[in-house]
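Residues per chain are reported as follows:
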Amino acid sequence: MAVTTVYYFTNIAPHYRQRLWELLATQNDLEFHFFFGKPMAKGIVEMDFSQEFFKSKSCVLHNLINIRLKNNVIVWQIGVIRHCFRNKPDAAIFLGDMNILSTWIAAAIARLNGIRVVFWGHGFSGKESWLKRSLRITFNRLAHHHLLYGHRAMDIMKQNGFGDKTLSVIYNSLQYEQHLATRAGHGKQCKFEHLPFFKNPNLPLLVFIGRLTPAKKLNLLIEAHKRLNAEVCRYNLLIIGDGEERASLETLAGADPTVHFYGACYVEQKLSALLCLADLCVSPGNVGLTAIHCLSHGTPVCTHDNFANQMPEFEAIIPGETGFFFRENDAEDLAGRILDWSVKDVLRDVVRHKCYRVIDEKYNPYYQLTVFKKVLSK
């Protein structure tokens, strides 16, 4: 059997990609080498390379040095160009981020060396200036093929002259098998046991999980929650995560007994017990992997409707089935949509299984593996 050697260059090794890396590293027809640096931002959890699996694969793990410039916007990766110049894998995968300056040179060298170049990224946002759009077109022309997170990105790539055969949607994934293992108990936990911080834990539960940053616009969630509970306590609100906005959000929430800040948590069993009890996840800013995490636990997701300002994971939300959208930056509309969703005559278990189906069909590492094999076998 012919073996395809693949160099995969990325910025960091986030823990949520671990299962995908394990799958890629154990394929008989693909020999993956992983090149990565260290994260700069706090709160980003790396893979645990002390685990036995990674110890046995140490020969395919390679460290890079990320040099960050201009307030961390521009990156230079030391070592990438050298590997593309001296070695000749069959394919090289780079992040499709034109702010990583070393990728411009490394991808060009790889092409000159006869190496198949693949970019994995967001493509275009659709709101670039003429100059930025022109630069992005030039940069993306360096790749033979593009792996994209969603169909909106694919459509915009086509509009900018990229052929259908050079584009594939690979979606995104988390620790899929861990989530699968917890499904049997979903919906069976006692709210009194798992939500002791609420006076009435049996109220419908709204949840947010993720970094508490300005981009998440969690002030809108707190304002919408206040509107919903203005006359009578209708909902509890659980905010899981930590970040720079926590203090100001706690001040905004005040001493409201129906709001609880849980803090950061990376223990999946604890998160599963909380998320599966929630009736709805609300992410007022861009939603990102929060959507995949919640849908994996059978919890529908609400986020805003300006897709140009969204992360690609918004596509996992099927309106009326796995969640819904509200008018961007409008707390009143958010509150109204939450209330409308709550009064729908739909069984919670029906919604739960629709959420599972989206993850099982698309947003998992096994689906991503099939895309890799299809693209790299060409």
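Residues numbered from 1 in each chain as written. Predicted model: local features only at pLDDT ≥ 70, side-chain atom pairs only at ≥ 80, totals over all residues. Heavy atoms only, no water.

Let us now look at the packing of helix H9 (residues 218-228) against helix H10 (residues 246-253). Close contact between H9 and H10 brings their axes to 10 Å; oriented N to C, the two are set at 15°. One way to sum up the angle between H9 and H10 is to call them roughly parallel. Where H9 crosses over H10, the two elements pack in a sense that is right-handed. Of H10, the residues touching H9 (which contributes Leu218, Asn219, Ile222 and Lys226) are Leu249, Leu252 and Ala253. Grouping the constituent residues of the contact of H9 with H10 by class yields five nonpolar, one polar and one charged. (Axes fitted to C-alpha atoms, helices over the stretch in contact; angles between N-to-C directions. Helix = DSSP H or I, 4+ residues; strand = E, 2+ residues; numbered from the N terminus. Parallel < 35°, antiparallel > 145°, perpendicular 65-115°, else oblique. Left-handed = near helix turned anticlockwise from the far one by under 90°. Contact = heavy atoms within 4.5 Å. Nonpolar A, V, L, I, M, F, W, Y, C, P; charged D, E, K, R; others polar.)

The residue threonine 182 is located in helix H7 (residues 176-182) in this model. Discounting chain neighbours no more than four positions away, the residues touching threonine 182 are Ser272 and His297. A polar atom in the side chain of threonine 182 sits 3.2 Å from the side chain of serine 272. (Polar contact = N/O pair within 3.5 Å; in protein donor to acceptor, adjacent residues only side chain to side chain.)

As a further point, take the layout of surface pockets. In this structure, the second largest pocket occupies an estimated 240 Å³ of space. When residues of the lining of the second largest pocket are traced back to their parent elements, those giving at least two are helix H13 (331-342) and helix H14 (348-361). A breakdown of the residues in the lining of the second largest pocket according to their chemical character gives nine nonpolar, one polar and three charged. (1 Å grid on protein atoms, 1.4 Å probe; cavity = no way out; pocket = protein on both sides within 12 Å on 5 of 7 lines; lining within 4 Å. Points joined across faces, edges and corners; volume = space filled by probe spheres on them.)

The subject of this paragraph is the nonpolar core. Within the largest apolar cluster, 67 residues are counted, with the highest numbers of intra-cluster contacts made by Leu238, Ile240, Phe261, Leu280, Val301 and Ile338. Those residues in contact with valine 301 that lie beyond four places of it in its chain are Leu280, Cys281, Val287, Ala291, Cys294, Leu295, Ile317, Thr322, Gly323 and Phe324. Judged by nonpolar contacts, the second largest core, of 28 residues, contains Tyr8, Trp21, Val60 and Ile93. (Core = buried A, V, L, I, M, F, W, Y, C linked by side-chain atoms within 4.5 Å. Buried < 20%, exposed > 50% of the residue type's maximum accessible area, 1.4 Å probe, protein only.)

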